[in-house]
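Now for the letters of each chain:
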Amino acid sequence: MLDPAVAAVLDSHARLASACGRPPGARAASSRTLTRRQAAILAHLDRGTALPIGDLARRLRVSAATASLAVDRLVRLRCVRRSRDASDRRRVLLKLTALGANLRAAFSDLDPARVRSLLDRIPPADRANTVSACQLLARVAATLVRSGSRGAEG
């Protein structure tokens, strides 16, 4: 029998995807700008917190050199900003730019306008808690990816 909390998350995800999913072909214009792989890289980056390229490589399950090559075009497109860690100049840090965030949204499986409409229907106090819960799930998901764990068996 499925754990009730797991069942609730699965059910919630399915309903969210159904209500806010993009119609087929909605990403056609943005697909000329980025490849799926580049969009996946943007999905791992943040505007506020820099991510070391080594961590990105682990998340993508590739070498740091391969990740660096993949990031090169995103830097040229001004979607990603690359910098050196002030405390360790050998470490390369990556941050998402405003343009990168917009392109990431364009590649999302969820339609931002539908998500906005959904959030607008939630009372403000509950909306803040809802967004925080989603962010918490995403942060914990990133730790699963970093550790290589795929769930209870990992």
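Described in the following lines is the structure provided in the data block. (Residues numbered from 1 in each chain as written. Predicted model: local features only at pLDDT ≥ 70, side-chain atom pairs only at ≥ 80, totals over all residues. Heavy atoms only, no water.)

Structural notes on the overall build of the chain
Across its full length, the chain holds 8 helices and 3 strands. Looking at the chain as a whole, 23% of its 154 residues are labelled buried. Sequence separation of 24 or more characterises 59% of the internal contacts of the chain that already satisfy a separation of 6 or more. Surface summary for the chain: the accessible area is close to 10,200 Å², and the carbon and sulfur share equals 57%. (Helix = DSSP H or I, 4+ residues; strand = E, 2+ residues; numbered from the N terminus. Buried < 20%, exposed > 50% of the residue type's maximum accessible area, 1.4 Å probe, protein only. Contact = heavy atoms within 4.5 Å. Areas by Shrake-Rupley, 256 points an atom, 1.4 Å probe, with all protein chains shown as cover.)

Description of the nonpolar core
Leu42, Val80 and Leu94 are the most contacted members of the largest nonpolar core, which has 21 residues in total. Those elements that place two or more of their residues in this core are α3 (36-44), α4 (53-60), α5 (64-76), β3 (88-96) and α6 (98-107). Apart from the residues within four sequence positions on either side, Leu94 is in contact with Leu45, Thr49, Ala50, Leu51, Ile53, Leu56, Val71, Val80, Arg81 and Arg82. (Core = buried A, V, L, I, M, F, W, Y, C linked by side-chain atoms within 4.5 Å.)

A word on the packing of helix α1 (residues 4-20) against helix α7 (residues 112-120)
Viewed as axis vectors pointing N to C, α1 and α7 meet at an angle of 115°, and their least axial separation amounts to 9 Å. Contacts from Leu16, Ala19 and Cys20 of α1 reach α7 at Arg114, Val115 and Leu118. Classifying every residue of the contact of α1 with α7 gives 5 nonpolar, no polar and 1 charged. (Axes fitted to C-alpha atoms, helices over the stretch in contact; angles between N-to-C directions. Nonpolar A, V, L, I, M, F, W, Y, C, P; charged D, E, K, R; others polar.)

Regarding the pattern of salt bridges
A full pass over the atoms with the stated rule returns 6 salt bridges. Arg15 is the salt-bridge partner of Asp11, the closest N and O atoms lying 3.0 Å from each other. Of this pair, Asp11 and Arg15 both sit in helix α1, 4 residues apart, which is roughly one turn of the helix. A salt bridge links Arg58 to Asp55; the nearest nitrogen and oxygen atoms lie 2.3 Å apart. Taken together, the residues span about one helical turn, with Arg58 and Asp55 both in helix α4 at a distance of 3 residues. (Salt bridge = Lys/Arg side-chain N within 4 Å of Asp/Glu carboxyl O.)

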